[in-house]
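# Summary of structural features
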Amino acid sequence: MKSIVLIGFMGSGKTTVGQRLASELKVPFIDCDDFFVSKEKMSIADFFDRYGETAFRKKESEHLADLLHQNAVIATGGGIVMNEANRQQLAAHPCVCWLTGDFETIYQRINSDKANVRPLAEEKTPEELYQLYNMRQKLYREAADIIVDTEALSMSEIIEKIITAR
Ligand code: S3P
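Residues numbered from 1 in each chain as written. Predicted model: local features only at pLDDT ≥ 70, side-chain atom pairs only at ≥ 80, totals over all residues.

Under an unreviewed UniProt entry, the name given to the protein chain is Shikimate kinase, and the source organism is Vagococcus elongatus. The annotation that UniProt attaches to the protein chain under Pathway (unreviewed entry) is "Metabolic intermediate biosynthesis; chorismate biosynthesis; chorismate from D-erythrose 4-phosphate and phosphoenolpyruvate: step 5/7." Looking at the protein chain in UniProt, the text filed under Sequence similarities (unreviewed entry) is "Belongs to the shikimate kinase family." (UniProt positions renumbered as here; feature names shortened; annotations may be inferred.)

Shown next, in the form of structure tokens:
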């Protein structure tokens, strides 16, 4: 099986969907954010504080190159499309799935997910976050082989859509 790479804004459900999809397909699930933390031995928030976003993107890109060829379901960080090298890696990959949804739903999820500190969400006003969401839509669309609007779908329907389309 070719690996399935999930992309989408923070709070779009990449981790939750990815875990379920991996278990259905009986392949490992890899979360790029978790991989980052275990490799760098530091939380993403601390890494942003200490080294800034540009350094984070560089590391994230190196990690993506290590992970992409694995036979797994891979959930990327929401900003993976911000980097040209990553966009090229994703363009060359045959199975990239964009999980999308309305900003209001996504914003609520980000706000209620207190366990996950997302530096970009913390530092931005809702209006700024909405601008970022809008700006990234085009980049996700361009990178995606499969687009799933999760808004009105149950988890089982999302999984089925991805499995059918891959
Ligand atoms: C980021 C999204 C986060 C994480 C980091 C930066 C972004 O991942 O990689 O905080 O730029 O959108 P999730 O999309 O898994 O929250």
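And the narrative resumes.
In this section: the confidence of the model for the protein chain. Confidence along the protein chain averages 95 in pLDDT terms, with 99% of residues attaining 70 or more. Scored by ipTM, the complex comes to 0.98, with pTM at 0.97. (pLDDT = per-residue confidence, 0-100.)

Counting 25 residues, the largest nonpolar core has Val-5, Leu-6, Ile-7 and Cys-97 as its most contacted members. Of all the elements in the fold, those that place two or more residues in this core are strand S1 (4-7), helix H1 (14-25), strand S3 (73-75), strand S4 (96-100), helix H7 (126-143) and helix H8 (155-165). Leaving out residues up to four positions away in the same chain, Val-5 has contacts with Leu-68, Ile-74, Thr-76, Leu-90, His-93, Cys-95, Val-96 and Cys-97. Met-10, Ile-106, Ala-121 and Tyr-133 belong to the second-largest nonpolar core, a separate cluster that totals 7 residues. (Core = buried A, V, L, I, M, F, W, Y, C linked by C-beta atoms within 7 Å. Buried ≥ 20, exposed ≤ 12 C-beta atoms within 10 Å, placed from the backbone. Helix = DSSP H or I, 4+ residues; strand = E, 2+ residues; numbered from the N terminus. Contact = placed C-beta atoms within 7 Å.)

Let's shift gears to the environment of Gly-78. With respect to the helices and strands, the residue Gly-78 is situated in the loop between S3 and helix H4 (84-91). You can call Gly-78 buried: it has 24 C-beta atoms within 10 Å. In the structure, Gly-78 is positioned 44 residues away from Glu-122 in sequence and 14 Å away in space, judged by C-alpha atoms. If sequence neighbours within four positions are ignored, Gly-78 has contacts with Gly-8, Phe-9 and Met-10.

Another aspect to go through is H1. Under the 1.5 Å per step criterion, the end-to-end length of H1 is 16 Å for 12 residues, consistent within 8% with the ideal 16 Å. The set of residues buried in H1 consists of Lys-14, Val-17, Gly-18 and Leu-21. Projected down its long axis, H1 shows its buried positions confined to an angular sector of 100°, all on one face. Of the surrounding elements, those touching the buried residues of H1 are S1, strand S2 (29-31), S3, S4 and H8. Following H1 by one or two positions, Lys-26 adopts a phi angle in the positive range, close to 55°. (Expected span 1.5 Å × (residues − 1). Arc of directions from axis to C-beta.)

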